[in-house]
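This is what each chain is made of:
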Amino acid sequence: MRKITRVALVAFAAATALSAGTLAVLWFAWDPLLPAALWLARMEWFDVALLVLLAICALGVIALLVAALAAPGTRGHLVIEHDGGRISIAKGAVRSVTERTIESHRGLMCKSARIKVRGRRNPAISVRAKVNPGNHVNLAALGATLQREVATNVSALAGYPAEDVEITFTAKTEASTPLIAKQSAMSPAAGA
């Protein structure tokens with residue numbers, strides 16, 4: 001943790017404790033502390049100091065939320081732990097290998113690929129890909145080939161087997177629709 005971050009967290013914690021304590025004493029009117037709290041509340045600088053403390057609290061909460069939302073998750077990497085240390089492979093690299101493997105077949109387009117990794121010591125890798133089949137006809141044989149090739153390439157990259165490879169063939173895109181319309185216009189049934 002950087003020094004500026006540590007100082008900001010300490011300031012945030014102190015401001016939160018002081019402002020919450022002050023507001024609690026004034027709100028609940030605790031008898032032993034009430035005279036001192038009322039004396040403190042009547043000071044000219046008290047309102048400004050309380051607003052500064054509350055502003056620090058608000059900025060701290062916003063900064064923590066932004067940091068939590070912007071921080072990369074640990075689930076973004078395949079972390080393999082060996083006795084000698086750790087190896088980290090980005091899921092984007094596994095996704096890229098999956099997409100390149102699918103798109104190496106002529107006419108296929110990978111619409112999306114999802115990678116899930118469970119376990120650290122012996123990770124279980126699962127791959128789900130949505131593929132636009134283009135003009136391919138025998139999708140069962142093509143799907144089996146793609147599953148085998150994706151599993152082989154992902155296993156070669158990660159060093160662990162891809163246990164679950166799911167290939168889903170999706171509908172054709174708008175770009176292939178005019179070709180179908182052109183073919184149906186040229187058929188003999190269209191002319192009759």
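Each chain has its residues counted from 1, following the order in which its sequence is written. Totals for whole chains, interfaces and linings use every residue, but because this is a predicted model, local features are given only for residues with pLDDT of at least 70 and side-chain atom pairs only at 80 or more, for both listing and counting. Each side-chain value is derived from all of the structure's non-hydrogen atoms; neither hydrogens nor water enter the calculation.

1. A short note on the sheet that holds strand 5 (residues 162-169)
Then, in step 1: Spatially, the three strands line up as an open sheet ordered 3-4-5, and their pairing is mixed. The sheet is open, and its two edges are formed by strand 3 (109-118) and strand 5, each paired on a single side. On average, each strand axis in the sheet is inclined to that of its neighbour by 15°, with strand direction left out of account.
Then, in step 2: A strand pair is defined by DSSP finding two or more bridges across the two strands. Here a strand is any run of E in DSSP of at least two residues, a helix any run of H or I of at least four, and the numbering for each starts at the N terminus. With seven bridges joining them, strand 4 (residues 124-132) and strand 5 adopt parallel strand pairing. Among the inter-strand pairings, valine 131 is bridged to a residue of strand 5, identified as phenylalanine 169.
Then, in step 3: Here, two residues are considered to be in contact whenever any of their heavy atoms come within 4.5 Å of each other. Structural elements are reduced to axes, namely lines fitted to C-alpha atoms, with helices fitted over the stretch in contact, and the angle between N-to-C directions of any two is expressed from 0 to 180 degrees. Relative to the sheet, helix 4 (residues 91-103) contacts strand 3, strand 4 and strand 5, its axis offset from that of strand 3 by approximately 140°.
Then, in step 4: Seen against the sheet, helix 5 (residues 139-158) touches strand 4 and strand 5 and runs at an angle of roughly 140° to strand 5.

2. Focus: the packing of helix 1 (residues 3-28) against helix 3 (residues 46-70)
Then, in step 1: Viewed as axis vectors pointing N to C, helix 1 and helix 3 meet at an angle of 130°, and their least axial separation amounts to 8 Å. One way to sum up the angle between helix 1 and helix 3 is to call them oblique. For the crossing formed where helix 1 meets helix 3, the hand is left-handed. Along the contact surface, helix 1 presents Leu9, Ala11, Phe12, Ala15, Thr16, Leu18, Ser19, Thr22, Leu23 and Leu26, while helix 3 presents Phe46, Leu50, Leu53, Leu54, Ile56, Cys57, Gly60, Val61 and Leu64. Oblique is the label for any angle not covered by the other classes, which are roughly parallel (under 35 degrees), roughly antiparallel (over 145) and roughly perpendicular (65 to 115). The sense of a crossing depends on the near helix, which, turned anticlockwise from the far helix by less than a right angle, makes the crossing left-handed and, turned clockwise, makes it right-handed.

3. Things to note about a nonpolar patch on the surface
Then, in step 1: Patch rule: a residue counts if its relative accessible area is over 30% and it has no salt bridge; like charges are joined within 9 Å, and nonpolar side chains (Val, Leu, Ile, Met, Phe, Trp, Tyr) within 5 Å. For accessible areas, the Shrake-Rupley method is used with a probe of radius 1.4 Å. Any residue's cover is judged against the shown protein chains and nothing else. Note on definitions: salt bridges are taken to be side-chain nitrogens of Lys or Arg within 4 Å of carboxyl oxygens of Asp or Glu. A grouping of Trp27, Phe28, Trp30 and Leu33 is seen on the molecular surface, where their side chains present a nonpolar patch of about 530 Å² in accessible area.
Then, in step 2: Checked against the element boundaries, leucine 33 lands in the loop between helix 1 and helix 2 (34-41).
Then, in step 3: Accessible area is worked out with a 1.4 Å probe on protein chains only. A residue is then buried under 20% of its type maximum, exposed over 50%, and partly exposed in between. Classification of leucine 33 by relative accessible area gives partly exposed; the value is 44%.

4. Points about the side chain of serine 19
Then, in step 1: In this structure, serine 19 sits in helix 1.
Then, in step 2: There is a polar contact of 3.4 Å between the side chain of serine 19 and the backbone oxygen of threonine 16.
Then, in step 3: Non-local contacts of serine 19, meaning those with residues more than four positions away in its chain, are made with Leu50, Leu53, Leu54 and Cys57. For the purposes of these results, a polar contact is taken to be a pair of N or O atoms within 3.5 Å, where, inside protein, one atom must be able to donate a hydrogen and its partner to accept one; residues adjacent in sequence count only when each atom of the pair is a side-chain atom.

5. A short note on the environment of alanine 49
Then, in step 1: Among the structural elements, alanine 49 can be located in helix 3.
Then, in step 2: By relative accessible area, alanine 49 is classed as partly exposed at 29%.
Then, in step 3: Taking C-alpha positions, alanine 49 is 9.2 Å from serine 19, a pair spaced 30 residues apart along the chain.

6. Brief notes about the pattern of salt bridges
Then, in step 1: As enumerated under the stated definition, the model contains one salt bridge in all.
Then, in step 2: The shortest N-O distance in the salt bridge between glutamate 166 and arginine 128 comes to 3.6 Å. Of this pair, glutamate 166 sits in strand 5 while arginine 128 is found in strand 4, placing the two residues 38 residues apart along the sequence.
Then, in step 3: For glutamate 166, a relative accessible area of 33% translates into the label partly exposed.

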